[in-house]
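Chain by chain, the residues run as shown.
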Amino acid sequence: MKREIRRISIFDEFQCAGQRCSINCCQGWKIPINHDVYMKYLHEKGLFGTKLRIFLKRGEQTASFRSPFGRCPFWGNDRLCSIQKKHGENYMPAVCVQFPRQLYNLSFFCEETLYLACPEAVKLFLECAYSDKPFEYHIIEGVPEYEVNTTNDDKNFLNYLVKSRAELTAMLRDGMRFDSMAILGYGRDAQSACLNMATADGGLPSPIDYSSGECFTIGIEEINKLFFEGFYHPNLRVISNFLYKLCKKYIREVGILGRLNPGAAGRKLRALQDGLYQKLPGLDKMLNRYFEYYLLTNFLDIYEDYSFTRCLRYGIVKTKMVMLFLALYAENKGSIDREEIAKIIAVYERRAPQMKDALKKL
């Protein structure tokens, strides 16, 4: 059945860099394998079929590749996929073909965006952010080849979320900071209204009714909790040595100090942030655009779980933490260019969701 497909403006500009990619997507992932492809692998003949089956691992719900040394076993020394080279794209796991595209079927319409865990996607994001181009959804009509991603069928509520998202992003573009307490105030009241069974026709608030000059702050204890109980894991050394080195720098210079002397650690964090502002004069704009893009790609998750507060707070914290990793990287450098920013954001994005469980403890 045909659906309205809303495609983010940078979607069609994406091109995979292939073997030139600095942060290849064949590293650091558990690679799920969809059923149709799994059956092809089971029946593949010859030595290649044997290799496929050796590395297949069947779980209770999904199959995946075993990933020795933190990389796909079919990622070749030429930095290309040996499955694609032998049989073409249709023989690859669906997630490999799709990445970094995010395809979200909400039944009433679909949204297609780019996941910023790919440096080429981040470069497109940065080009828009620094040139002040809007992120817009271009509407086409088509038959989606991906399944519905939600169990909700409340069209009025979905329309409310789309309208609220547009209001929030417009407020950000008009000068409201990404960490304004107005955002969280709106989220708190919207969630409360949902719990009280308010309807989208009259009981749910509008973001435009909220304003605040106060910013949401997180101190060194909260940052350490997010870092040590969510983001960091020793296995990062295998998954992404680049990100692992940034994490070890945080531990040496801030994390341990935060446990012994929170005041000194707080001053160190402020010094890192001040240094980053000197090297990236447009930092505030970029962070606002980063949060704006987060809303465009994640705000409709609320349609499934009604968690306004969790969604908005995670986006704010996620934005603050990406600034931390940019600051750690930039500390001993004279400058930092877009290629470097794209690399940092891409590796950070792959790990950032691990902070969600730690966020619940704050």
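Structural data are supplied above this passage.
Residues numbered from 1 in each chain as written. Predicted model: local features only at pLDDT ≥ 70, side-chain atom pairs only at ≥ 80, totals over all residues. Heavy atoms only, no water.

Asks: Lay out helix 6 (residues 155-173) in plain terms, naming residues and giving numbers.
Replies: Two residues of an α-helix separated by three or four positions point the same way, owing to the 3.6 residues in each turn. The first and last C-alpha atoms of helix 6 sit 27 Å apart over 19 residues, in line with the 27 Å expected at 1.5 Å per residue. Those residues of helix 6 that fall on the buried side of the exposure criterion are F157, L158, Y160, L161, S164, R165, E167, L168, T169, M171 and L172. Contact partners of the buried residues in helix 6: strand 6 (109-114), strand 7 (137-142), helix 7 (181-195), helix 12 (283-298), helix 13 (302-305) and helix 14 (308-330). (Helix = DSSP H or I, 4+ residues; strand = E, 2+ residues; numbered from the N terminus. Expected span 1.5 Å × (residues − 1). Buried < 20%, exposed > 50% of the residue type's maximum accessible area, 1.4 Å probe, protein only. Contact = heavy atoms within 4.5 Å.)

Asks: Which residues make up the packing of aromatic side chains, and what values go with them?
Replies: To describe a pair of aromatic rings, you give the distance between the ring centres and the angle between the ring planes. Applying the stated criterion across every chain yields a total of 29 aromatic pairs. Their ring planes at 70° and their centres at 5.2 Å tell us that F135 and Y293 sit as a pair that is edge-to-face. On the criterion of sequence distance, the pair formed by F135 in the loop between helix 5 (119-131) and strand 7 and Y293 in helix 12 is long-range, its members being 158 residues apart. An identical accessibility class is assigned to F135 and Y293; each is buried. (Phe/Tyr/Trp six-rings, centres within 6.5 Å; stacked < 30°, edge-to-face > 60°.)

Asks: Talk me through the state of the cysteines; I want residue IDs and the actual numbers.
Replies: Taken as a whole and judged by the stated rule, the model has 0 disulfides. In this structure C25 is a free cysteine whose sulfur lies 4.7 Å from that of C26, the closest cysteine sulfur available. Free cysteine: C96, not disulfide-bonded; nearest cysteine sulfur from C72 at 6.3 Å. C96 sits in the partly exposed class, given a relative accessible area of 31%. (Disulfide = S-S within 2.5 Å.)

Asks: Now, about the pattern of salt bridges: what can you tell me, with residues and values included?
Replies: The tally for this structure, following the rule as stated, stands at 26 salt bridges. Linking R289 and D132 is a salt bridge whose minimum nitrogen-to-oxygen distance equals 3.8 Å. Of this pair, R289 sits in helix 12 while D132 is found in the loop between helix 5 and strand 7, placing the two residues 157 residues apart along the sequence. R289 sits in the buried class, given a relative accessible area of 2%. According to the relative accessible area criterion, D132 is partly exposed, its value standing at 40%. (Salt bridge = Lys/Arg side-chain N within 4 Å of Asp/Glu carboxyl O.)

Asks: So what's going on with unusual backbone geometry? Residues and values would help.
Replies: Here the bond from F99 into P100 is cis, since omega is 5°, no more than 30 degrees from zero. Mapped onto the fold, P100 is located in the loop between helix 4 (94-98) and strand 5 (101-105). Positive phi outside glycine occurs at D132, with the angle close to 60°.

Asks: Account for the sheet that holds strand 4 (residues 63-65), naming residues and giving values.
Replies: Within the open sheet, the 3 strands sit side by side as 2-4-3. Their pairing is antiparallel. Unpaired on one side and paired on the other, strand 2 (32-33) and strand 3 (56-58) mark the two borders of the sheet. Sheet analysis places strand 3 next to strand 4, joined by 3 bridges and oriented antiparallel. Paired with L56 across the strands is F65, a residue of strand 4. With respect to the sheet, helix 2 (residues 46-55) is in contact with strand 3 and strand 4, its orientation differing from that of strand 3 by roughly 40°. (Pairing = 2+ DSSP bridges. Axes fitted to C-alpha atoms, helices over the stretch in contact; angles between N-to-C directions.)

Asks: Please set out the sheet that holds strand 5 residue by residue, giving values where relevant.
Replies: Overall, mixed pairing links the 4 strands, which are arranged 5-6-1-7 in an open sheet. Edge positions in the sheet fall to strand 5 and strand 7, since each of these pairs with one other strand and no more. Along the sheet, successive strands turn relative to each other by an average axial angle of 20°, direction set aside. Sheet analysis places strand 5 next to strand 6, joined by 5 bridges and oriented antiparallel. Bridge pairing in strand 6 links L103 to E112.

Asks: So what's going on with the side chain of N152? Which residues, and what values?
Replies: Mapping N152 onto the fold places it in the loop between strand 7 and helix 6. You can call N152 buried: its relative accessible area is 13%. At 3.0 Å, the side chain of N152 forms a polar contact with the backbone nitrogen of D154. When neighbours within four sequence positions are excluded, N152 is seen to be in contact with F157, Y303, E304 and Y306. (Polar contact = N/O pair within 3.5 Å; in protein donor to acceptor, adjacent residues only side chain to side chain.)

Asks: Tell me what's going on with the nonpolar core, and back it up with residues and numbers.
Replies: One finds F299, F308 and F325 to be the most contacted residues of the largest nonpolar core, which totals 104 residues. Here this core takes 16 residues from helix 14, the largest share from any one element. Among all residues touching F325, those that are not within four sequence positions of it are F227, F231, L243, L246, C247, I344 and Y348. (Core = buried A, V, L, I, M, F, W, Y, C linked by side-chain atoms within 4.5 Å.)

Asks: Outline helix 14, listing residues and values.
Replies: Over its 23 residues, helix 14 runs 33 Å from end to end, which matches the ideal 33 Å to within 8%, given 1.5 Å per residue. Burial runs high along helix 14: 20 of the 23 residues are buried.

Asks: Kindly report on the packing of helix 14 against helix 15 (residues 338-351), identifying the contributing residues and their values.
Replies: Running from N to C, helix 14 and helix 15 point in directions that differ by 130°, and their axes come no closer than 10 Å. Taken together, helix 14 and helix 15 sit at an angle that is classed as oblique. The handedness of the crossing between helix 14 and helix 15 is right-handed. Note on element contacts: helix 15 touches helix 14 through E340, I341, I344, I345, Y348 and E349, opposite V317, K318, M321, V322, F325, L326 and Y329. Broken down by class, the residue content of the contact of helix 14 with helix 15 amounts to 10 nonpolar, no polar and 3 charged. (Parallel < 35°, antiparallel > 145°, perpendicular 65-115°, else oblique. Left-handed = near helix turned anticlockwise from the far one by under 90°. Nonpolar A, V, L, I, M, F, W, Y, C, P; charged D, E, K, R; others polar.)

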